[in-house]
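Inside the fold
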Amino acid sequence: RAHMRPHRAALLARLLAPADGEVLLDPTGGVGILAIEAALLASVTAHSVDLDPAACDAARANAAAAAPRLRGRVTVHCGDAARLGGEVGLPRASVDCVLADLPFGTAPRH
């Protein structure tokens, strides 16, 4: 289930105004909605990162469903965004912008 409503995700992505060629990171990716919205707007490489395997599966399914309409590319990583270089595989200083719906008020599931 998406934490953020799709129309709000679309508005947030529009406010960011990603440019073609940029690398975007959503460190609290959930079901991938922000990364997908950014990739709908511009030819970006959008990385959605989440710790929850079920959320990552949903994000991959959502990205696949949106693929025919995407201008950019969405990659889903199941791991800890605090460990981008190791666990997630993104080199340091490889991200141009961050777009996130921070999970305030929710308890982590371990």
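Refer to the structure presented above.
Reading the values: the criteria
- Residues numbered from 1 in each chain as written.
- Predicted model: local features only at pLDDT ≥ 70, side-chain atom pairs only at ≥ 80, totals over all residues.
- Heavy atoms only, no water.
- Helix = DSSP H or I, 4+ residues; strand = E, 2+ residues; numbered from the N terminus.
- Buried < 20%, exposed > 50% of the residue type's maximum accessible area, 1.4 Å probe, protein only.
- Lys, Arg positive; Asp, Glu negative; His and termini not counted.
- Salt bridge = Lys/Arg side-chain N within 4 Å of Asp/Glu carboxyl O.
- Contact = heavy atoms within 4.5 Å.
- Pairing = 2+ DSSP bridges.
- Axes fitted to C-alpha atoms, helices over the stretch in contact; angles between N-to-C directions.
- Right-handed = clockwise from strand over helix to strand, strands pointing away.
- Core = buried A, V, L, I, M, F, W, Y, C linked by side-chain atoms within 4.5 Å.

1. Notes on the side chain of Glu37
Structurally, the position occupied by Glu37 is in helix H2 (residues 33–41). Buried charged residue Glu37 carries no salt bridge. Nearest counter-charge: Arg14, at 5.8 Å. In this structure Glu37 touches Pro6, Ala9, Ala10 and Ala13, once residues within four positions along its chain are discounted.

2. Things to note about unusual backbone geometry
We note that Ala17 has phi near 55 degrees; this positive angle belongs to a residue other than glycine. Note on placement: Ala17 falls in the loop between helix H1 (6–16) and strand E1 (23–26). The exposure class of Ala17 is exposed, given its relative accessible area of 51%.

3. A closer look at the sheet that holds strand E2 (residues 45–50)
One open sheet holds the four strands; their spatial order is E3-E2-E1-E4, and the pairing between them is parallel. A strand with exactly one partner marks an edge of an open sheet, and here the two such strands are strand E3 (73–78) and strand E4 (97–98). The pairing of E1 with E2 spans four bridges and is classified as parallel. Residue pairing in the sheet places Val23 in a bridge with Thr45 of E2. On the sheet, H2 packs against E1, E2 and E3 and is oriented at approximately 165 degrees with respect to E3. Here helix H3 (residues 53–66) sits on the sheet in contact with E2 and E3, set at roughly 165 degrees to E3.

4. A look at the pattern of salt bridges
Across all of its chains, the model carries two salt bridges by this definition. Put simply, Arg71 and Asp20 hold a salt bridge, and the shortest N to O gap is 3.3 Å. One end of the pair, Arg71, is in the loop between H3 and E3; the other, Asp20, is in the loop between H1 and E1, with 51 residues separating them in the sequence. The exposure class assigned to Arg71 is partly exposed, which follows from its relative accessible area of 46%. Judged by relative accessible area, Asp20 falls into the exposed class, the value being 51%. The closest approach of N and O atoms between Arg60 and Asp57, which form a salt bridge, is 3.6 Å.

5. Description of the pairing of E3
Two strands pair when backbone bridges link them, and E2 and E3 are joined in this way by six bridges, in the parallel orientation. Within E3, the residue paired with Asp50 across the bridge is Cys78. Handedness of the E2-H3-E3 crossover: right-handed.

6. With respect to the nonpolar core
Leu24, Leu34, Ile36, Val44, Ala46, Leu70 and Val74 are the most contacted members of the largest nonpolar core, which totals 22 residues. Elements with a minimum of two residues in this core: H1, H2, H3 and E3. Here the element with the most residues in this core is H2; it accounts for six residues. Apart from the residues lying within four places of it in its own chain, the contact partners of Leu24 are Leu16, Ala35, Ala38, Thr45, Ala46, His47, Val95, Cys97 and Leu99. Membership of the second largest hydrophobic core comes to five residues, among which are Leu25, Val49, Ala81 and Val88.

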